[in-house]
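Commentary on secondary and tertiary structure
What follows is the residue order along each chain.
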Amino acid sequence: MQASGYLTLYPNGCHQTGQKSNSRRFLYLLAGVVYLLPFLYIARLFRPSQYAGSNGHTPPDYALRQPLSTIYSPLYWRTEYSAPGKAHSEIDDLWDAILPSHGFIAVDRQWAAARNWPDTMSMPNDTSKGVYLLEAYLHLHCLRIMRTTFWEAVEKRPFSHASGLRHVEHCFDALRQAIQCYADNTPLYTFGKFTAGDGQVHQCRSWNELRDFDTSHTACYRDSVEPIPLGAHFGFCDDGGDGLEEGADPM
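Throughout this description, residue numbers start from 1 for each chain and increase along the sequence as written. pLDDT decides what is reported in this predicted model: residues at 70 or higher carry local features, side-chain atom pairs at 80 or more are listed and counted, and totals for whole chains, interfaces and linings draw on all residues regardless. In computing side-chain values, all of the structure's heavy atoms are included and hydrogens and water are not.

Some thoughts on the state of the cysteines
Put simply, the test is: Note on disulfides: each one is a pair of cysteine sulfur atoms within 2.5 Å. For the purposes of this entry, the term helix denotes a DSSP run of H or I that reaches at least four residues, the term strand denotes a run of E that reaches at least two, and both are numbered from the N terminus. Partly exposed residues are those whose accessible area sits between 20% and 50% of the maximum for their type, while under 20% is buried and over 50% is exposed, using a 1.4 Å probe and protein chains only.
In the structure shown here, the tally under the stated rule is two disulfides. Through a disulfide, Cys142 is tied to Cys171; the S-S separation comes to 2.3 Å. Classification of the bridge connecting Cys142 and Cys171 rests on its S-S torsion, roughly -75°, and on that basis the disulfide is left-handed. Separated by 29 residues along the polypeptide, Cys142 in helix H4 (residues 135–154) and Cys171 in helix H5 (residues 165–182) bring together distant segments of the chain. There is no split in this pair, since Cys142 and Cys171 are both buried. Residue pairing for Cys220: its cysteine sulfur links by disulfide to Cys237, the two sulfurs lying 1.7 Å apart. Handedness of the Cys220-Cys237 disulfide follows from its S-S torsion of about 75°: it is right-handed. Taken together, the positions of Cys220 in the segment after helix H6 (207–216) and Cys237 in the segment after H6 put the pair 17 residues apart, joining distant regions of the chain. Judged by its relative accessible area of 13%, Cys220 falls in the buried class. Here Cys237 falls in the exposed class, since its relative accessible area comes to 53%. Here the bonded cysteines of the protein are numbered in sequence order, and their pairing is 1-2, 3-4.

Thoughts on the side chain of Asp242
Our working rule: Side-chain atoms alone can form a polar contact between residues adjacent in sequence; in general such a contact is a pair of N or O atoms within 3.5 Å, and within protein one must be able to donate a hydrogen while the other accepts it. For this analysis, residues touch if any pair of their heavy atoms sits within 4.5 Å.
Mapped onto the secondary structure, Asp242 falls in the segment after H6. Looking at Asp242, its side chain comes within polar contact range of the side chain of Arg211, at 3.2 Å. In terms of polar contacts, Asp242 uses its side chain to reach the backbone amide nitrogen of Leu244, at 3.0 Å. Beyond its immediate chain neighbours, meaning those up to four positions away, Asp242 contacts Ala97, Ile98, Leu99, His102, Tyr137, Trp207 and Arg211.

Overview of the sheet that holds strand S6 (residues 126–133)
This is how the line gets drawn: A pair of strands is treated as paired once DSSP finds two or more bridges between them.
Sheet architecture is open: three strands sit in the order S4-S6-S5, paired in antiparallel fashion. The open sheet has two edge strands with one neighbour each: strand S4 (104–108) and strand S5 (122–123). By the bridge criterion, five bridges tie S4 to S6 in an arrangement that is antiparallel. Looking at the pairing, Val107 lines up with Gly130 of S6.

What about the packing of helix H2 (residues 88–97) against H4?
The test is simple: A fitted line through C-alpha atoms serves as each axis, taken over the contacting stretch for helices, and the angle formed by two N-to-C directions is quoted from 0 to 180°. Any angle from 65 to 115 degrees is called roughly perpendicular, while one under 35 is roughly parallel, one over 145 is roughly antiparallel, and all others are oblique. Two helices that cross are described as forming a left-handed crossing if the nearer one is turned anticlockwise from the farther one by less than a right angle, and a right-handed crossing if clockwise. Only Asp, Glu, Lys and Arg are considered charged in this grouping, and only Ala, Val, Leu, Ile, Met, Phe, Trp, Tyr, Cys and Pro are considered nonpolar; every other residue, Gly among them, is considered polar.
At a closest axis distance of 10 Å, the pairing of H2 and H4 adopts a crossing angle of 150°. The orientation of H2 relative to H4 falls into the category roughly antiparallel. Classified by chirality, the crossing of H4 by H2 is left-handed. Only Leu143, Arg144, Arg147 and Trp151 of H4 make contact with H2, whose side of the interface consists of His88, Ile91, Asp92, Trp95 and Asp96. In terms of residue class, the contact of H2 with H4 is built from four nonpolar, one polar and four charged.

Nothing here speaks to function; it is geometry throughout.
This is the structure:
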C-alpha cells in the first residue's frame, strides 16, 4: 500500500496522488496567495508614505526634509512689514533686519547622504561638513532684493545690487515656481474689497522650529552686497536670530 501523501506513478504515465499529496498542497497554497493578493495590494496603496511622488514613490533624487510641526495661524492683509500708518524708514528697518544668511547650514556629509541630500560645497575649514541653504531663506533673500530694487526704481536711486533687474527677474521666477509647487488651495473669503482672506486661519509649518534647526547647524555665513571671496563669507555667526519675530510663529 502506498503511503498517504506520496505521488504514485502508474505504468500508463498518469499521476495519481494520495489524499494529502504535494500537488494538492501546492494548489491550496496557490489559491491562498491568489485570494490574498487583492488585500495585499490594497494595503500597499494605503501604506503611509511621508514623501509620496505622483506614482506613490519617492523620487531617487528627492532630498528628505527635516520634519516641522504643523501649526494653524491667521494671515493678514497688513502687518508691521506693510503698515500704511508707519513711517517708511521704520518699515525699511524691519525688512533690513531680516537675515536670509541664517538659512545657511553646515551638516555632516554622512548625515546628509542618509537623507538623500545632494552633494554640495564643503565648509572652508571642515570638509566633513556640507553647506546648504534652506529654501525658505532663499525666498526671504529674494523678497528683500525685490523690495529694495522696487523702491530704488521708484525713487530713481542707483541699484544696490550689481546684477540689478536681472536678479529681480530670477527672484520673480523663483517665487512663481514655489507658488506652483506648493499649490496652496486654501479657500479665501472675499467681499470684493480687495482684502481676500484677511485674518483667515491657514495651515502652516513652524517657523520657530525652522529657525532653531538652522541655529543648531549654522554655517556662520554672512551676506555681502559687494563681491567678496567665497571664503570671506564664513566665520561670522549670528546670535541665533534671523531678524523675524521670535516667540509665537510670526504670520
